[in-house]
Amino acid sequence: MNKSLILVIEDEEDILALIHYNLVKNGFRVECATSGEEGYKKARDLRPDLVLLDLMLPGMDGTDVCRLLRQAPDTKECPIIMLTAKSEEHDIVRGLDLGADDYIPKPFSPQILLARVRAVLRRRDKPEAGAGHAEPIRVRDLYIHPGRNQVVANDEAVELTYTEFKVLMLLASRPGWVFNRTQIVDAIHGEDYAVTDRAVDVQIVGLRKKLGSCGDYIETVRGVGYRLKE
Ligand code: CA
């Protein structure tokens, strides 16, 4: 069996040891780095299947590493999950903006960690069934091509993370229709694990920002959820 290689970039030795132990126990190959510089270099050299990236690192921090990995041709497709502290919400949004695929707030249980790692690897391995046949969607200046995972806003291509794309696809599947946070959570992750409402809001913030003026199409329906204006 071809074991997936996971690169863990984390400066706290205890957390690093815990992650390493749990991943190895569950059949993954694991490489570790304790600084952003070392992690970036190892990612380029080893081409891991997934990177677990701590946000707060001495020297080059997690958002810097994330941005550099997204820029480098050999790592730009590599899935990245950020490990974050609760107080770093602003940085979470930045990290998702820079192309991280997901984030796990600390402290986390090994079960949550494993579920998210598996979910991200599965999404990478199995593109959406039937997505290649779906029809493009146009809402005024916003154009979405499901098969190509492509979004164009005001004639400019927009780079979305996998999760942002899923959220946008859901809203665009029925313009004018209000989706509550539970429906959005289900669309993002199925039943793999619990996602908080707050995580949905973070995705919406990121989406609006990236879509520029088309971001205004996403309306907040107070107390209910979100909809894409018709
Ligand atoms: Ca840290």
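Residues numbered from 1 in each chain as written. Predicted model: local features only at pLDDT ≥ 70, side-chain atom pairs only at ≥ 80, totals over all residues. Heavy atoms only, no water.

Got a minute to help me understand the coordination of the calcium ion in this structure?
For a metal with four donors in a tetrahedral arrangement, the ideal angle between donors is 109.5 degrees, while six donors in an octahedron ideally sit at 90 or 180 degrees. Here the calcium ion is held by Asp11 (OD), Glu12 (OE), Asp54 (OD) and Met56 (O), and the distances to it run 2.1 to 3.1 Å. On the primary sequence, the residues serving as donors to the calcium ion are separated as D-E-x41-D-x1-M. (Donors = N, O, S within 2.8 Å, 3.2 Å for Na, K, Ca; no water.)

Can you help me understand the pattern of salt bridges in this one?
Between side chains of opposite charge, a pair can form when the charged atoms approach closely. Here the structure, examined in full by the defined rule, presents 15 salt bridges. A salt bridge links Glu31 to Lys42, with the shortest nitrogen-to-oxygen separation between them at 3.7 Å. Remark: Lys42 occurs in helix H2 (residues 36-46) and Glu31 occurs in strand E2 (residues 29-33); sequence separation between them is 11 residues. Close ionic contact of Lys76 with Glu77 constitutes a salt bridge, the shortest N to O distance being 4.0 Å. Assessed through its relative accessible area of 41%, Lys76 is described here as partly exposed. Its relative accessible area of 64% is what places Glu77 among the exposed residues. What emerges from the salt-bridge pattern is a single network uniting Glu10, Glu12, Asp54 and Lys106. (Salt bridge = Lys/Arg side-chain N within 4 Å of Asp/Glu carboxyl O. Helix = DSSP H or I, 4+ residues; strand = E, 2+ residues; numbered from the N terminus. Buried < 20%, exposed > 50% of the residue type's maximum accessible area, 1.4 Å probe, protein only.)

Looking at this structure, how should I read the sheet that holds strand E3 (residues 50-54)?
Strand pairing in a sheet relies on backbone hydrogen bonds. The paired strands run either parallel or antiparallel. The strand order across the open sheet formed by 5 strands is E2-E1-E3-E4-E5, and the pairing between neighbours is parallel. Each of the sheet's edge strands pairs with one partner strand only, and the pair in question is E2 and strand E5 (102-105). The average angle at which neighbouring strand axes cross in this sheet is 20°, direction not considered. Two elements, strand E1 (residues 5-9) and E2, share 5 bridges in a ladder whose sense is parallel. Looking across to E2, one finds that Val8 is bridged to Cys32. Sitting on the sheet, helix H1 (residues 13-25) is in contact with E1, E2, E3 and strand E4 (80-84), with an inclination near 165° to E2. (Pairing = 2+ DSSP bridges. Axes fitted to C-alpha atoms, helices over the stretch in contact; angles between N-to-C directions. Contact = heavy atoms within 4.5 Å.)

I would appreciate a short explanation of the domain arrangement of the protein in the present structure.
Frequently, the measure chosen for interface size is the accessible area that the parts lose on association. The domains assigned to the protein are domain 1 (5-125) and domain 2 (131-228). Its C-alpha centre places domain 1 at a distance of 24 Å from the equivalent point of domain 2. Of the roughly 1300 Å² buried at the junction of domain 1 and domain 2 (both faces included), carbon and sulfur atoms supply 53%. Counting the surface domain 1 buries against domain 2, the share from its top three residues, Leu96, Asp97 and Arg123, is 36%. On inspection of domain 1 and its partner domain 2, the count reaches 0 salt bridges. Within the residue set of the side of domain 1 that touches domain 2, elements represented by two or more residues are helix H4 (89-97), E5 and helix H5 (110-125). Among the residues forming the side of domain 1 that touches domain 2, the class breakdown is 7 nonpolar, 1 polar and 7 charged. (Domains from an automatic or database assignment. Buried area = accessible area lost by both parts, 1.4 Å probe. Nonpolar A, V, L, I, M, F, W, Y, C, P; charged D, E, K, R; others polar.)

What's the story with the sheet that holds strand E8 (residues 150-153) in this structure? I'm lost.
Within the open sheet, the 4 strands sit side by side as E6-E7-E8-E9. Their pairing is antiparallel. In the strand order of this sheet, the two ends are held by strand E6 (137-139) and strand E9 (156-158), each with one partner. The sheet shows a mean angle of 20° between the axes of neighbouring strands, taken without regard to direction. Note: E6 against strand E7 (residues 142-145), 3 bridges, orientation antiparallel.

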